[in-house]
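Residue strings, one per chain:
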Amino acid sequence: MASTTPTETPPAPPAASRRAASTGRVGDKVFLGLSRGSGILLLAIMASIAVFLGYRAALAISENEGDFLTTFDWNPAGDPPVFGIAVLLFGTVVSSIIAMAIAVPVAVGIALFISHYAPRRIAAPLAYVVDLLAAVPSIIYGIWGALFLVPYLGGLNLWLDEYLGWTYVFDKTEVGVARSLFTVGILLAIMILPIVTSVSREVFLQVPRMNEEAALALGATRWEVIRMSVLPFGRSGVISASMLGLGRALGETMAVATVLSPSFVISLHILDPGGGTFAQNIAAKFDEADQFGRDALIASGLVLFVLTLLVNGAARLIIARRKEYSGANA
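Owing to the predicted nature of the structure, the values given are computational and were not obtained by experimental measurement.

With their axes 9 Å apart at the nearest point, helix α2 (residues 86-117) and helix α8 (residues 222-251) run at an angle of 140° to one another. Looking at the two axes, α2 sits oblique to α8. Note that α2 runs across α8; the crossing there is right-handed. On α8, the residues touching Thr-92, Ser-96, Met-100, Val-104, Val-108, Leu-112, His-116 and Tyr-117 of α2 are Arg-222, Trp-223, Ile-226, Val-230, Leu-231, Val-238, Ser-242, Gly-245, Leu-246, Ala-249 and Leu-250. Here the contact of α2 with α8 is built from residues that sort into 13 nonpolar, five polar and one charged.

What follows is the structure in structure tokens.
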């Protein structure tokens, strides 16, 4: 009869290990709960903002005698009340396009210079100065724009009118100081330049060194390395940085209100004084508005809210169209 060998029982884990495992499980649950709660809280805040704006906007639009989307006038205190966002939407979009057209190429160039061209003793101070510019308050930019930028842009406006006036866009038809959408666009470009530069610089610094060295080993020049290795890798980061800058340009208030000479007229002559933006109009008229007037301003704020969401959604779609944009294959 065969004898059976008794099975040895494995030793129990030490008490310290059991306590550590139990603490780890509790920590995971706490972290999961906090993360989930943070996400739900963010969605709840966004939903509450949308509900508030939608409710107050509905009160104003229901009493509006004009077409909210196409009316050029803004007179909610009139009898009957008439107001529309056509001029504000046009001014917001045009000034933001001008700002992006100026700021993004310059910001990418500065980011490439700091990350791949400048010596270390120059790159570090320059990066610090760029980051410091992002902390300057909007009102400081506005005061500088009103006292320095506006007076000195007259010569540039005359030059653009003389040599590019045939394009109609740069045809200056009114005499006056440079308190125009073009000036606002330049000021916004200066304001968003540090944001786009900082984010783009950090993305370019994350390019795998092996990719650059491989391109150099094949005989590529510095520009070819940047074109074939750096820019494709950092494309999604540049798009994200541009959207961050665009978000600030769309919602900028005090700087625009300080520089722009508002008027409810749509003109494709961007050098002519006048125009308006959503944020500037809200800041200028909120204190003097009655309850209905504030509801009308909130209705315009709802449009700006939706416009910002659409811009960010479009950016996500652009990045997601190709996998290499997202850095998933890096």
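Moving on, we come to the UniProt feature "transmembrane region" (unreviewed entry) in the chain. When the UniProt feature table is mapped onto this chain numbering, "transmembrane region" (unreviewed entry) sits at residues 39-61, 81-114, 126-150, 180-200, 249-271 and 296-319. Secondary structure content for residues 180-200 is 95% helix and 0% strand, and the end C-alpha separation is 30 Å. The span residues 296-319 is 100% helical and 0% strand by assignment, and the distance between its end C-alpha atoms comes to 35 Å.

All told, the structure shown has eight aromatic pairs when counted by the stated rule. Aromatic side chains Phe-68 and Phe-83 sit 6.0 Å apart centroid to centroid with 80° between the ring planes, which places their arrangement in the edge-to-face category. Here Phe-83 lies in strand β2 (residues 82-83) and Phe-68 lies in the loop between α1 (15-63) and β1 (74-75), a separation of 15 residues in the sequence. Using a relative accessible area of 11% as the deciding quantity, one classes Phe-68 as buried. The class for Phe-83 is buried, based on a relative accessible area of 0%. Consider the rings of Phe-170 and Phe-182, whose centres lie 6.1 Å apart with planes at 90°: the pair is edge-to-face. Here the residue Phe-170 occupies a position in the loop between α5 (154-164) and α6 (181-205), and Phe-182 occupies one in helix α6, the gap between them amounting to twelve residues. A relative accessible area of 9% means that Phe-182 is categorised as buried. Three or more aromatic residues joined by ring pairs form one cluster here, namely Phe-68, Trp-74, Phe-83, Phe-264 and Phe-292.

Residue Pro-80 is bonded to the preceding Asp-79 through a cis peptide linkage, with omega at 5°. Following the sequence through the fold, Pro-80 ends up in the loop between β1 and β2. At Tyr-168, a residue that is not glycine, the phi angle is positive and equals roughly 75°. Its place among the elements puts Tyr-168 in the loop between α5 and α6.

Rules and cut-offs
- Residues numbered from 1 in each chain as written.
- Predicted model: local features only at pLDDT ≥ 70, side-chain atom pairs only at ≥ 80, totals over all residues.
- Heavy atoms only, no water.
- Axes fitted to C-alpha atoms, helices over the stretch in contact; angles between N-to-C directions.
- Helix = DSSP H or I, 4+ residues; strand = E, 2+ residues; numbered from the N terminus.
- Parallel < 35°, antiparallel > 145°, perpendicular 65-115°, else oblique.
- Left-handed = near helix turned anticlockwise from the far one by under 90°.
- Contact = heavy atoms within 4.5 Å.
- Nonpolar A, V, L, I, M, F, W, Y, C, P; charged D, E, K, R; others polar.
- UniProt positions renumbered as here; feature names shortened; annotations may be inferred.
- Phe/Tyr/Trp six-rings, centres within 6.5 Å; stacked < 30°, edge-to-face > 60°.
- Buried < 20%, exposed > 50% of the residue type's maximum accessible area, 1.4 Å probe, protein only.

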